[in-house]
Amino acid sequence: MKNIKKILAAVLAVAIVAVTFVACSGSKEETKSLTANEGVLVMATNATFPPYEYKDGDDFAGIDVEIAGKIAEKLGLKLEIQDVEFGSIIGGVQTGKFDMGMAGMTVTDERKQSVNFTNTYAKAKQVVIVKEGSAIKSLDDLKGDGSMKYGVQQDTTGDIYASDTAENGGYGEENVIRYKTGAEAIEALKADKVQAVIIDNEPAKSFVEANEGLTILDGAWVEEEYAIAISKDNEELLNKINTALEELTADGTIQQIIDKYIPAK
Ligand code: GLN
C-alpha cells in the first residue's frame with residue numbers, strides 16, 4: 001500500500017513537471033514578436049502621394065508618415081518605411097513582408113478579401129482633373145465612347161473604377177492609360193496624351209497647385225475612406241493599431257496632423 005502511494009506521488013510529480021513545461025512553452029508562444037522583426041514596425045507606402053506621403057529631400061513626410069510615427073511610438077516600436085509601387089503593397093502585407101500598408105489606401109470589398117483594414121482615419125474622394133479651358137466642363141461630360149482618354153495611377157481605385165465597364169460606372173479599359181505615379185499621369189494630361197486624370201482629392205489639389213493650367217471638376221467622382229492594411233494573420237497588431245488610432249483620435253493628435261498638411265481654407 002505504502003509503495004502504491006509512493007508510486008502515485010512520483011507519477012503526480014512527473015505530471016506536474018510536464019504540465020508546467022507545456023504551460024511555459026505555451027506562454028513563450030504568446031510573447032512572440034508583434035511584428036515580423038522584433039521591435040520594428042515596417043510600413044509599406046508609395047511616397048508619391050502628397051500630402052499623405054512624399055519625399056522631402058531624403059526624408060519621408062506627410063499625414064500617413066506622421067500618424068504611423070505616433071502609432072509606432074505608442075506600440076514601443078521603431079518605424080521603418082519602405083517605398084514601393086502602390087500595387088505591391090497589399091501583396092506584401094498579405095505575405096508578411098511588410099507589417100502594414102499605409103498609403104492613402106481606400107478600403108474596398110475586394111481588398112478586404114486579401115487583408116484586414118483598421119478603422120478608417122480619413123475620408124477621401126476620387127476627383128477629376130482636366131486642363132483649364134477643356135471641353136470637359138463637368139463630371140457629366142465624361143464618356144467611355146473613345147472620344148477621351150483617362151490617366152490614372154496603376155492599381156489605385158481610380159484605375160480600378162475607371163477601367164470598369166459602363167454598366168459599373170467605368171469608361172472601359174481601352175480608354176484608360178495607367179501610369180506608375182499620379183505625377184506621370186499629370187504630365188500626360190499636360191501633353192494631351194489623356195484628357196482627364198482621375199485621382200484622390202488631396203493629391204489632386206497638390207498637383208493642380210504645382211502645375212499651371214489645370215483644374216479640378218466640381219464634385220466627387222467616388223466617395224472613399226482610408227485605412228491601414230494589415231495581414232489577416234496578425235490580429236493582435238490590428239487590435240493594437242486600432243487602439244492606438246482611437247487614442248490618437250480622442251486626444252486630437254490625428255486632427256492636428258491633418259490640419260498641418262491640409263490647412264482649413
Ligand atoms: N486611394 C487610392 C487607392 O487606395 C489611391 C492611393 C494611392 O495612390 N496611394 O487606391
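Please read all numbers here as calculations on a predicted model, not as lab measurements. (Residues numbered from 1 in each chain as written. Predicted model: local features only at pLDDT ≥ 70, side-chain atom pairs only at ≥ 80, totals over all residues. Heavy atoms only, no water.)

Moving on, we get to the side chain of Ser231. Following the sequence through the fold, Ser231 ends up in the loop between strand S14 (229-230) and helix H8 (235-250). Judged by its relative accessible area of 10%, Ser231 falls in the buried class. At 2.9 Å, the side chain of Ser231 and the backbone nitrogen of Asp233 are in polar contact. (Helix = DSSP H or I, 4+ residues; strand = E, 2+ residues; numbered from the N terminus. Buried < 20%, exposed > 50% of the residue type's maximum accessible area, 1.4 Å probe, protein only. Polar contact = N/O pair within 3.5 Å; in protein donor to acceptor, adjacent residues only side chain to side chain.)

This part covers the site of the ligand. The immediate surroundings of the ligand are formed by 13 residues, with Gly104, Thr106, Arg111, Thr157 and Asp200 found nearest. Here Asp200 contributes a side-chain N or O atom positioned 2.6 Å from a nitrogen atom of the ligand. Broken down by class, the residue content of the shell around the ligand amounts to 5 nonpolar, 5 polar and 3 charged. (Near = heavy atom within 4 Å. Nonpolar A, V, L, I, M, F, W, Y, C, P; charged D, E, K, R; others polar.)

Our focus in this paragraph is the side chain of Asp99. Note that Asp99 resides in the loop between helix H3 (89-94) and strand S6 (100-101). Overall, Asp99 belongs to the buried group, its relative accessible area being 7%. A distance of 2.8 Å separates the side chain of Asp99 from the backbone nitrogen of Val42, its partner in a polar contact. Residue contacts for Asp99: discarding those within four places in its chain leaves Thr35, Ala36, Val40, Leu41, Val42, Ala229, Ile230, Ser231 and Leu237. (Contact = heavy atoms within 4.5 Å.)

This brings us to the pairing of strand S3 (residues 53-56). In the sheet, strand S2 (residues 48-49) pairs with S3 via 2 bridges, with the strands oriented antiparallel. Paired with Thr48 across the two strands is Tyr54, which belongs to S3. From the end of S2 to the start of S3, which pair antiparallel, there are 3 residues. Two strands pair when backbone bridges link them, and S3 and strand S4 (residues 59-61) are joined in this way by 3 bridges, in the antiparallel orientation. (Pairing = 2+ DSSP bridges.)

If you look at the biggest cluster of nonpolar residues, it comprises 34 residues, and the most contacted ones within it are Ile67, Ile71, Met100, Ile228 and Ile241. At 7 residues, helix H2 (residues 63-75) tops the list of elements feeding residues into this core. Counting residues in hydrophobic clusters, the runner-up holds 15 residues, among them Val42, Ile90, Ala103 and Phe117. (Core = buried A, V, L, I, M, F, W, Y, C linked by side-chain atoms within 4.5 Å.)

Our next topic: the packing of H2 against helix H9 (residues 253-261). Running from N to C, H2 and H9 point in directions that differ by 155°, and their axes come no closer than 9 Å. Between H2 and H9, the angle falls in the class roughly antiparallel. At the point where H2 passes H9, the crossing takes the right-handed sense. When H2 is examined against H9, the residues Ile63, Glu66, Ile67 and Lys70 are found in contact with a partner set consisting of Thr253, Ile254, Ile257, Ile258, Lys260 and Tyr261. Residues belonging to the contact of H2 with H9 are distributed by class as follows: 6 nonpolar, 1 polar and 3 charged. (Axes fitted to C-alpha atoms, helices over the stretch in contact; angles between N-to-C directions. Parallel < 35°, antiparallel > 145°, perpendicular 65-115°, else oblique. Left-handed = near helix turned anticlockwise from the far one by under 90°.)

Enumeration over the complete set of coordinates arrives at 5 aromatic pairs. An aromatic cluster is defined as three or more aromatic residues linked by ring pairs; in this entry it consists of Phe49, Tyr52 and Tyr226. The ring of Phe60 is capped by Lys55, whose NZ or CZ atom sits 4.8 Å from the centre of that ring. (Phe/Tyr/Trp six-rings, centres within 6.5 Å; stacked < 30°, edge-to-face > 60°. Lys NZ or Arg CZ within 6 Å of the ring centre and 35° of its normal.)

Below, the discussion takes up unusual backbone geometry. With an omega of 5°, the peptide bond running from Pro50 to Pro51 counts as cis. Relative to the assigned elements, Pro51 resides in the loop between S2 and S3. We note that Asp155 has phi near 70°; this positive angle belongs to a residue other than glycine. As for its placement among the helices and strands, Asp155 is situated in the loop between strand S9 (150-153) and helix H5 (157-162). Unlike most non-glycine residues, Asp192 shows phi in positive territory, near 60°. Inspection of the secondary structure puts Asp192 in the loop between helix H6 (182-190) and strand S11 (196-200).

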